[in-house]
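# Notes for the structure review
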Amino acid sequence: MKDYTGKIVVITGAANGMGKELARQFAAKGAKLSLADIDAENLAVVEKELKAGGTAVITDVFDVSNYEAMEAFSKKTFKTYGKVDFFFNNAGVISVGSIWEQPLSDWKWLFDVNVMGIVHGIKAFIPAMIKQDKECRIINTASIAGLLTVENSPAYVASKFASLSLSEVLELQLQDANAKVKAHVICPAVVKTDLNHCTRHRPKNIYNENDPYYQTKDYKSRADVMNSAIVVGMPVEEAVKIIIDAVEKDIFYILTHPVYNPAITARVAGIMAGTRPVKVKR
Ligand SMILES: NC(=O)c1ccc[n+]([C@@H]2O[C@H](COP(=O)([O-])OP(=O)(O)OC[C@H]3O[C@@H](n4cnc5c(N)ncnc54)[C@H](O)[C@@H]3O)[C@@H](O)[C@H]2O)c1
């Protein structure tokens, strides 16, 4: 096991799922942590658990779609620890629906969190990370849904294609700047987390839970597909081990489920051949 003693690891979306497991595994390897989430209750539980195990932890509760709050989190992290070695831009949410039927506010929410949240993390942390002038890493979480189109969750897929492509541009611009910051993008397929319960922290100003669409058969059957896939997803401990191992091996596109690699190849072949998209077999 690589020793992370003295390393500073920052994680957004650290109260549940992969963010929480990243925090646990890096704590076990000796790192100091700066953790953020919109979920104050579960973040406090994670903080308590890790502090009890002797890990240095600071936390901040905010919505990643709020740039000023992300900037304050960055300042607090650098003020406390003086540096950042690994920044996991991980917080994300999902919605399901039919493009021409689901409320437009689903799109706003997903793009605010999954795209602008990542952009906010980059803008708030990267300048100071470049200034450190020593090797450090930013790891953005996209999804296999940033490489393959799945028909159940259009806003999610579109937001993850955006977060994947902006991670590629980030890496190219870091290279152009001769920065010692390296970028990665995580593209997991289904992992058993709390992602399917993410509406509990959806801002009320972009959520009408009484919208009739959420009572339709179309919505309910798509939600069933999502729920039944997540509960049999890869265990979060296994996914996070793969992710940390890939970061250590300097892999840019971090794929956790090789079973989908042929579908990625087939997508590119389909683009070259000009054929219509086909459903990904699960
Ligand atoms: N679980 C999967 O199958 C899967 C697959 C591919 C990618 N991902 C991505 O992995 C990342 C982590 O998700 P997870 O699966 O661990 O889900 P999760 O719901 O268990 O964890 C996500 C965390 O992000 C936090 N969060 C949500 N909105 C936020 C906001 N606006 N501001 C701050 N924090 C916010 C949540 O409170 C939660 O703690 C997400 O970006 C997700 O899209 C998940």
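### Brief notes about the nonpolar core
A general feature of soluble globular proteins is that nonpolar side chains tend to end up buried together. In terms of nonpolar packing, the biggest core is built from 57 residues, with Phe125, Ile126, Met129, Ile138 and Val181 touching the most fellow members. Here this core takes 10 residues from helix H4 (residues 104-132), the largest share from any one element. Ignoring sequence-local partners within four residues, the contact set of Phe125 consists of Val10, Met70, Phe73, Ser74, Thr77, Phe78, Val84 and Phe87.

### Here we look at the packing of aromatic side chains
A ring pair, where both rings are aromatic, is described by two values, the distance of the centres and the angle of the planes. Under the definition given, this model contains 14 aromatic pairs. With 5.6 Å between their ring centres and 50° between their planes, Phe26 and Phe88 make a pair best called tilted. Taken as a pair, Phe26 in helix H1 (residues 17-28) and Phe88 in strand E4 (residues 86-89) lie far apart in primary sequence, 62 residues in all. Assessed through its relative accessible area of 1%, Phe26 is described here as buried. Judged by relative accessible area, which is 0%, Phe88 ranks as buried.

### Some points on the site of the ligand
Asp37, Asp63, Tyr156, Val191 and Thr193 are the nearest of the 29 residues found near the ligand. In the environment of the ligand, an oxygen atom lies 3.0 Å from a nitrogen or oxygen atom belonging to the backbone of Asp194. With the chains in place, 97% of the 820 Å² that the ligand exposes on its own is no longer accessible. Secondary structure elements with two or more residues in the shell around the ligand: H1 and helix H5 (154-176). Here the shell around the ligand is built from residues that sort into 15 nonpolar, nine polar and five charged.

### Here we look at empty space enclosed by the protein
Applying the stated criterion to the full structure yields one cavity of 30 Å³ or more. Approximately 30 Å³ is the volume found for the largest cavity. Lining the largest cavity are Thr12, Val64, Asn89, Asn90, Ala91, Val113, Gly117 and Ile118. Of all the elements, H4 adds the most residues to the lining of the largest cavity, at three residues. Class assignment for the residues of the lining of the largest cavity results in four nonpolar, four polar and no charged.

### A word on unusual backbone geometry
Although it is not a glycine, Asp133 adopts a positive phi angle of roughly 55°. Mapping Asp133 onto the fold places it in the loop between H4 and strand E5 (136-141). The phi torsion at Asn178 lies on the positive side, around 55°, for a residue other than glycine. Tracing the sequence through the fold places Asn178 in the loop between H5 and strand E6 (181-187).

### Looking at the environment of Val115
By the secondary structure assignment, Val115 is in helix H4. The spatial distance from the C-alpha of Val115 to the C-alpha of Ala158 is 9.5 Å, given a sequence separation of 43 residues. When sequence neighbours within four positions are dropped, the list of residues in contact with Val115 reads Leu110, Ser159, Ala162 and Leu166.

Conventions we followed
- Residues numbered from 1 in each chain as written.
- Predicted model: local features only at pLDDT ≥ 70, side-chain atom pairs only at ≥ 80, totals over all residues.
- Heavy atoms only, no water.
- Core = buried A, V, L, I, M, F, W, Y, C linked by side-chain atoms within 4.5 Å.
- Buried < 20%, exposed > 50% of the residue type's maximum accessible area, 1.4 Å probe, protein only.
- Helix = DSSP H or I, 4+ residues; strand = E, 2+ residues; numbered from the N terminus.
- Contact = heavy atoms within 4.5 Å.
- Phe/Tyr/Trp six-rings, centres within 6.5 Å; stacked < 30°, edge-to-face > 60°.
- Near = heavy atom within 4 Å.
- Polar contact = N/O pair within 3.5 Å; in protein donor to acceptor, adjacent residues only side chain to side chain.
- Areas by Shrake-Rupley, 256 points an atom, 1.4 Å probe, with all protein chains shown as cover.
- Nonpolar A, V, L, I, M, F, W, Y, C, P; charged D, E, K, R; others polar.
- 1 Å grid on protein atoms, 1.4 Å probe; cavity = no way out; pocket = protein on both sides within 12 Å on 5 of 7 lines; lining within 4 Å.
- Points joined across faces, edges and corners; volume = space filled by probe spheres on them.

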